Amino acid sequence: MTIPSPPPPLKRLGQHFLIDPNIVRKIIHEAAISPEDTVLEIGPGRGVLTGPLCELASQVIAIELDKKLAAYLKQVCPYPNLDLKVGDALEFPVETLPPGTVVVANLPYYVSTPLLFQLLEQPSRINRMIVMLQLEVAKRLAAKPGSQDYGALSVLSQYRGKSRVAFKVPASCFRPRPDVESAVVTLSLFSGEKEDEPFSQLFTQTVRAAFAHRRKTMVNSFRDSGFLMPILQEAFDEARIDPKRRAETLTVQEFITLAKAIHLRSI
Ligand code: SAM
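Cut-off values and rules
- Residues numbered from 1 in each chain as written.
- Predicted model: local features only at pLDDT ≥ 70, side-chain atom pairs only at ≥ 80, totals over all residues.
- Heavy atoms only, no water.
- UniProt positions renumbered as here; feature names shortened; annotations may be inferred.
- Core = buried A, V, L, I, M, F, W, Y, C linked by side-chain atoms within 4.5 Å.
- Buried < 20%, exposed > 50% of the residue type's maximum accessible area, 1.4 Å probe, protein only.
- Domains from an automatic or database assignment.
- Contact = heavy atoms within 4.5 Å.
- Phe/Tyr/Trp six-rings, centres within 6.5 Å; stacked < 30°, edge-to-face > 60°.
- Helix = DSSP H or I, 4+ residues; strand = E, 2+ residues; numbered from the N terminus.
- Lys NZ or Arg CZ within 6 Å of the ring centre and 35° of its normal.
- Polar contact = N/O pair within 3.5 Å; in protein donor to acceptor, adjacent residues only side chain to side chain.

- Taking an unreviewed UniProt entry as the reference, the protein chain is identified by name as Ribosomal RNA small subunit methyltransferase A belonging to Candidatus Nitronereus thalassa.
- In its Catalytic activity (unreviewed entry) section, the UniProt record describing the protein chain reads: "adenosine(1518)/adenosine(1519) in 16S rRNA + 4 S-adenosyl-L-methionine = N(6)-dimethyladenosine(1518)/N(6)-dimethyladenosine(1519) in 16S rRNA + 4 S-adenosyl-L-homocysteine + 4 H(+)".

Structure, rendered in structure tokens:
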């Protein structure tokens, strides 16, 4: 059988394919996949990670948006434990994954932040993520209050887990080359089994509303997001947080205290 040639890369889908076998080896090593693991791969592309993952894991669920690329991948990566889904990863029901799933992906950068938000919401399903990100997003994950990089992604990722930049990856390791620097990050999620689901949702809402309008004070930002003023005022008082502060000055612990005070008044 002749090996088909891959479709040309589509820039609008963030198609920057890894071409350096050494980086592939390092990602696979970092992922430390066991034979019983289920792996979720977002954007398998031409399968440079998919093949090694299928060799190591019990099953690999891979979601690819580009139909032509998915058809190519089916031909070059015919593993029986590969469950290839054609569609948008943002619409994938992460809550249907088996508990303990490991996410391994060279993420499409144009959509990496909403994908991370979506995955972070499922700590009872996802054990850890080993993901290639633009360096700028990798820095946001670990950013501290008061820094320029600190935002909703920092608070939610630090509340739900612990991230570490495993290694940086130069643009020369991709074809076509991206215009930004990249890094592989490991994000280990704290087990979400005991998490109170309504509180967890409210925590996410609180953090996202606080950062929704970065230039505004928090109280104005919350009001614009539909939070009720009487509840907010009492909650800020109880949490001993000045409502005129800006979201980027609050620590993760302060966000937890504030969200708990709002939660108490909303049930
Ligand atoms: N894993 C391959 C690699 O490392 O060479 C490809 C990585 S490339 C950076 C990102 C991949 O994500 C592309 O194959 C692209 O078609 C796919 N993609 C883009 N948007 C997507 C989406 N919303 N859902 C699923 N896959 C997507």
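Following the structure, the description resumes.
### Quick look at the nonpolar core
So, step 1. Of all hydrophobic cores here, the largest spans 61 residues; its most connected members are Leu40, Met129, Phe203, Phe222, Phe255 and Leu258.
So, step 2. Mapped onto the domain boundaries, this core takes at least three residues apiece from domain 1 (11-189) and domain 2 (197-264).
So, step 3. The residues touching Phe255, leaving out its near neighbours within four places in the chain, are Tyr150, Val155, Phe203, Val207, Ala210, Phe211, Ala247 and Leu250.
So, step 4. If you look at the next biggest cluster of nonpolar residues, it comprises 29 residues, including Ile28, Leu53, Leu84 and Val184.

### Re the packing of aromatic side chains
So, step 1. Taken as a whole and assessed by the stated rule, the structure comprises six aromatic pairs.
So, step 2. A ring pair is formed by Tyr150 and Phe211, whose centres lie 6.1 Å apart and whose planes are at 75 degrees; its orientation type is edge-to-face. Separated by 61 residues along the polypeptide, Tyr150 in the loop between helix 5 (135-142) and helix 6 (152-160) and Phe211 in helix 7 (residues 197-212) bring together distant segments of the chain.
So, step 3. Taking the relative accessible area as the measure of exposure, Phe211 reaches 9% and is therefore buried.
So, step 4. On the basis of an interplanar angle of 45 degrees and a centroid distance of 6.1 Å, the ring pair of Phe199 and Phe203 is categorised as tilted. With Phe199 and Phe203 both in helix 7 and four residues apart, this pair spans about one turn of that helix. In this structure, Phe199 and Phe203 share a single accessibility class: buried.
So, step 5. The rings of Tyr150, Phe211 and Phe255 are connected pair by pair, giving a single aromatic cluster.
So, step 6. In this structure, Arg46 packs its charged tip against the face of Phe17, placed 4.1 Å from the ring centre.

### Quick notes on the UniProt feature "binding site: S-adenosyl-L-methionine" (unreviewed entry) in the protein chain
So, step 1. On the UniProt side, "binding site: S-adenosyl-L-methionine" (unreviewed entry) is annotated at positions that read His16, Leu18, Gly43, Glu64, Asp88 and Asn106 here.
So, step 2. Structurally, Gly43 can be placed in the loop between strand 2 (38-42) and helix 2 (50-56).
So, step 3. Once residues lying within four places of it in the same chain are set aside, the contact partners of Gly43 are Ile63, Glu64 and Asn106.
So, step 4. Mapping Glu64 onto the fold places it in strand 3 (residues 59-64).
So, step 5. Those residues in contact with Glu64, other than ones at most four positions away along the chain, are Gln15, Gly43, Pro44, Gly45, Leu69, Ala70, Leu84, Lys85, Val86 and Gly87.
So, step 6. A polar atom in the side chain of Glu64 sits 3.0 Å from the backbone nitrogen of Gly45.

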